[in-house]
Structure formats: C-alpha cells, structure tokens
Amino acid sequence: GDMWDFGYSIKSPWSDYSGILKKLTLTDGITSIGEFAFNNCSSLKGNLVIPYGVTEIGQRAFFSCSGLVGGLKIPNSVTTIGYQAFYECSGFTGDLIIPDSVTVIGEKAFYKCALLAEVDFVAASFISCEADIRAVRDFLDENGTVQVDA
C-alpha cells in the first residue's frame, strides 16, 4: 500500500535513527514512497531497488541519502517523482533510467547527483516537469549526457 507522508512537523518513525540506518529494503506491495520518508538517512548504504508497483516517489523521499550507490532504475510503474526526491544522493555512480511511465519530475529531483554516469529517458511522451524543465537542467548543470529513446 501507500507509505505515509512525513514532513518537518511529522517525522518518520525511523528519523531519530537516520544517522545509523545501514540498509533499506523496499518490499513488493508498496505503492508509493512517502514524502520525507528517508530524508537525511545519509548512513544508508548499497543499491536502491524500488519495487515494481510503486507509482509515486514523494518529495524529498531520499533527500541527502548520500550513501546509496550504483545506478538507479525507476520501475515502469512510477508516474511521479517528487520535488527534491533524490536531491544530494551523491553516491549514485551508475546510470539513471527513467521509463516512459514517468510524466512528472519535480524540481531538483536529481540535483547534486553529480556522479550519475548518464540519464536515459525511455520516453517519447515525457516532459511534464515542474518548473519548466529545471529538474533535467539542474542535473545537466552538474553532469553530462542525456539520451532520449523513443
């Protein structure tokens, strides 16, 4: 089901442990990743695997999760990536693959993810980015290549 949304006033149950959490496993059956869900969990290590069935990644869901590594493949069930969802996830080093199911990418969703190797939009119908195309431009300001596949 849907994960709860959290925020500045309503913190996730694990927020007090954000500096010592080491591993995150998202199981099948999750349909959304809540706002601020893993905000500032910089001690999380390893690859992030988002299961098929997730339709939305909330704003600041993985903000400053700098210990996450590897590439990031968004499953083709996701339609929305929220504002600053992966902001400052500076440990990602592989490719970022965004499928054609994604119709909205929030502003600065991948800002300061400078080590990502390449952004691959597998989409012809994409581009409904909030704040014009800033979400992509902010990534490009720090990195390099974008490939759009039809």
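Up top is the structure.
We now turn to the structure provided with this report. (Residues numbered from 1 in each chain as written. Predicted model: local features only at pLDDT ≥ 70, side-chain atom pairs only at ≥ 80, totals over all residues. Heavy atoms only, no water.)

Observations concerning the nonpolar core
Across soluble globular proteins, nonpolar side chains show a tendency to be buried alongside one another.
Working step 1: One finds Ile33, Phe38, Ile57, Phe62, Ile74, Ile81 and Phe86 to be the most contacted residues of the largest nonpolar core, which totals 34 residues.
Working step 2: Of all the secondary structure elements, the ones that give two or more residues to this core are strand E4 (68-73) and strand E6 (92-99).
Working step 3: Here the element with the most residues in this core is E6; it accounts for 3 residues.
Working step 4: Ignoring any residue separated from it by four or fewer positions in sequence, one finds Phe38 in contact with Met3, Trp14, Leu24, Leu26, Ile33, Leu44, Ala61, Phe62, Phe63 and Cys65. (Core = buried A, V, L, I, M, F, W, Y, C linked by side-chain atoms within 4.5 Å. Buried < 20%, exposed > 50% of the residue type's maximum accessible area, 1.4 Å probe, protein only. Helix = DSSP H or I, 4+ residues; strand = E, 2+ residues; numbered from the N terminus. Contact = heavy atoms within 4.5 Å.)

Comments concerning unusual backbone geometry
Working step 1: With a phi angle near 55°, Arg60 is a residue other than glycine that sits in the positive phi range.
Working step 2: Secondary-structure assignment places Arg60 in the loop between strand E3 (56-57) and E4.
Working step 3: With a phi close to 65°, Lys112 is a non-glycine residue in the positive phi region.
Working step 4: Examined against the element boundaries, Lys112 turns out to sit in the loop between strand E7 (104-105) and strand E8 (118-122).
Working step 5: Residue Lys112 is classed as partly exposed on the basis of its relative accessible area of 32%.

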